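A structural walkthrough
Next come the chains, spelled out residue by residue.
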Amino acid sequence: MTSHLAPTGGPVSDSPAGADTPPTRTSTHTSTHPSGRGLALVTGATGYIGAALVPALLATRPVRVLVRDPAGLRGRTWATEVDVVVGDAGNDDDLRRALDGVEVAYYLVHSMDGGDFAQRDRELATSFARLAGDAGVSRIVYLGGLHPDDGDLSAHLASRAETGRILLDGPVPAACLQAAVVLGAGSASFDMLRYLTGRLPVMITPRWIDNAVQPIAAEDAVRCLVAAANLPPEVNRAFDIGGPDVVRYRELMQRYAVVAGLRPRRILAVPVLTPWLASHWVGAVTPVPAALAKPLVLSLAHPVVRRERDFDTYLQDPRGIGVDAALARAHAESPPDTGPANLARTAGAVAACVAVGGLATRPDSRWYQALAKPSWQPPPASFGLVWTPLYTIIATVSAQHLTALDRDGAREEGTAYRRALGVNLGLNALWSILFFRVRNLPLASAGAAALAASSADLARRASSTGRHRGLLLGGYAAWCTFATALTTDITHRNPDSGAPPARALGRALARAVGEVRAAVRARTGRAS
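Remember, predicted model here, so these are calculated numbers, not experimental data. (Residues numbered from 1 in each chain as written. Predicted model: local features only at pLDDT ≥ 70, side-chain atom pairs only at ≥ 80, totals over all residues. Heavy atoms only, no water.)

**Here we look at the overall build of the protein chain**
The following threshold applies: What counts as a helix is a DSSP run of H or I of at least four residues, what counts as a strand is a run of E of at least two, and both are numbered from the N terminus. Residue exposure (1.4 Å probe, protein chains only): buried if accessible area is under 20% of the type maximum, exposed if over 50%, otherwise partly exposed. The contact criterion used is simple: two residues touch if any of their non-hydrogen atoms lie within 4.5 Å. The accessible surface values rely on the Shrake-Rupley method and a 1.4 Å probe; as for residues, cover is taken only from the protein chains in view.
Secondary structure summary: the protein chain contains 17 helices and 13 strands in total. Of all 528 residues assigned to the protein chain, the portion counted as buried reaches 51%. For the protein chain, the proportion of contacts with a sequence separation of at least 24, taken over those separated by at least 6, is 81%. Taken as a whole, the protein chain presents about 23,300 Å² of accessible surface, with 56% of it coming from carbon and sulfur.

Here it is in structure tokens:
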């Protein structure tokens, strides 16, 4: 079971206000802050909201975090100031250790992967509420998403709503805060907004582009979460939270364009773009994965505006940050969008590889036609049908991976991947030269094996920023492995294929490279 932080501002749970108040529990917490406030547990502390919440809580109380991998805390300035419990929110023993001595517990965990995520969410919330009660926790705080009371909810929205109801029905008083779009540098909602607006001067969108939304600045969302820890013990209900402005999502995009110094966007809303298609469209255009884009898109399928302002009475200053100020701050704190530049570079490198390999390849030569080939070799036309999408995948996935590394500030990993990609594309073009120009089948087989290993390495590297990227490049590695087997078989079938001796190899390779260069110059001259 895999648990993730719910997408900020996405379709997370809601619960009806006015639920029955459970019996008050006496907290058994022992760790206190100089302010006299007890220990807070934050689940999902490596996610966007959780990571922003921890330092705000540390100013008022001691904090413990539950993480599956402590490596996710690297680079967090507060990592040494918190008590870290390594474990899974789906494991009762881990939860007991994490909840021991806790006064207030923040539940920011959701299952976002495939399968029966609703059942996993149900089990997670039920166990958390039960074990929090056993541990004597005084308050549970949950961040959910705004949604209409009378609309047909998607599976994700319905699961979030059920999570909130489970927490409210548990033995510990709960505060379920419900927010729409959260505007902050790094939030999934803001990333979707800024990448769509920045990368598409003209776009076709679903009809939800004209739905009303009430965004909230990330700072205000965190401020509300901190305040929720101090609610009176008898409070057990959901609260709507939001900023002071209500806008249509279309207007939100145009206002971000102004903040980012972009020209007004041309937006055409159409009724035929389903949430499924829209989520994959968002996943293709932005770094937001389709699996995360889907609940974000579905959360905007209905107007999401506060229906009550009851939580304002628990805030020292209920005035929130306006949309323009929140957009400006989020934009200023966001790293530059290097996606278009990375795509231009990777596409250029792949195009150069294709050009060199294409000029070197001679499937119609008498030498190649005379080679003995296995019966399982695909027809010649199939190679172009396979390589065209593979080259597209190499360019786009590599650009997405490099952009994700840039966004995370992982410069060394980005540099290493660029080098690995350069080596891979060099090996890719070199195989054609060794096979068709140098005509050294043993070397071509060795080159194909090196290319397959390099492709597998690319897939491994790309998977660090998204499993789907590793799987896509894994298809490239699988094809290169097949090509290695085919080249090796042809080599064994043609032991006297006329391969040059070792002393003549250098001259043959130099001659082949010269021929390819001459062909490139000839084509360039014709094009000009």
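Next comes the rest of the description.
**A word on the sheet that holds strand E11 (residues 237-240)**
In plain terms, the rule: Should DSSP find at least two bridges between two strands, the strands are regarded as paired. To get an axis, fit a line to the C-alpha atoms, keeping to the stretch in contact for a helix; angles then go from 0 to 180 degrees between the N-to-C directions.
Overall, parallel pairing links the seven strands, which are arranged E3-E2-E1-E4-E5-E6-E11 in an open sheet. Two strands in the sheet have a free side with no partner beyond their single neighbour: strand E3 (83-86) and E11. With strand direction ignored, the average angle separating the axes of adjacent strands in the sheet is 20 degrees. Relative to E3, strand E2 (residues 63-67) is paired through four bridges, and the arrangement is parallel. For Leu66, the partnering residue across the bridge sits in E3 and is Val85. Contacting strand E4 (102-107), strand E5 (139-145), strand E6 (174-179) and E11, helix H4 (residues 155-168) runs over the sheet at an angle of about 165 degrees to E5.

**Comments concerning the packing of aromatic side chains**
Cut-off, in case you're wondering: Think of it this way: a Phe, Tyr or Trp ring, Trp meaning its six-membered ring, pairs with another when their centres are within 6.5 Å, and the plane angle makes it stacked under 30 degrees, edge-to-face over 60, tilted otherwise.
Counted according to the given criterion, the structure contains 18 aromatic pairs. Here Phe311 and Tyr314 contribute two aromatic rings whose centre-to-centre distance is 5.9 Å and whose plane-to-plane angle is 50 degrees, an arrangement assigned as tilted. Relative accessible area serves as the criterion here: at 0%, Phe311 is assigned to the buried category. Assessed through its relative accessible area of 34%, Tyr314 is described here as partly exposed. Relative to Tyr391, the ring of Trp387 has its centre 5.1 Å away and its plane inclined at 25 degrees; by these criteria the two rings are stacked.

**Looking at the pattern of salt bridges**
The following threshold applies: The term salt bridge refers to a pairing of a side-chain nitrogen on Lys or Arg with a carboxyl oxygen on Asp or Glu at a separation within 4 Å.
For the structure shown, the criterion picks out 23 salt bridges. Of the charged contacts, one joins Glu103 and Arg61 as a salt bridge, the two residues approaching to 2.6 Å between their closest N and O atoms. Taken together, the positions of Glu103 in strand E4 and Arg61 in the loop between helix H1 (48-58) and E2 put the pair 42 residues apart, joining distant regions of the chain. In this structure, Asp93 engages Arg96 in a salt bridge whose closest nitrogen and oxygen atoms are separated by 3.0 Å.

**Structural notes on the nonpolar core**
The nonpolar side chains of a soluble globular protein tend to be buried, and buried together. Note the cut-off: By nonpolar core we mean a set of buried residues, namely Ala, Val, Leu, Ile, Met, Phe, Trp, Tyr and Cys, connected to one another through side-chain atoms within 4.5 Å.
Within the largest apolar cluster, 40 residues are counted, with the highest numbers of intra-cluster contacts made by Val42, Val65, Tyr106 and Phe311. Looking at this core, the elements with two or more residues in it are strand E1 (39-43), H1, E2, E4, E5, E6 and helix H6 (218-228). With eight residues, the single largest contributor to this core is H6. Among all residues touching Val42, those that are not within four sequence positions of it are Gly50, Leu53, Val54, Leu57, Val63, Arg64, Val65, Leu66, Tyr106 and Leu108. Formed by 35 residues, the second largest nonpolar core is a distinct cluster that contains Leu146, Phe190, Met253 and Val282.

Just distances and angles here, no functional claims.
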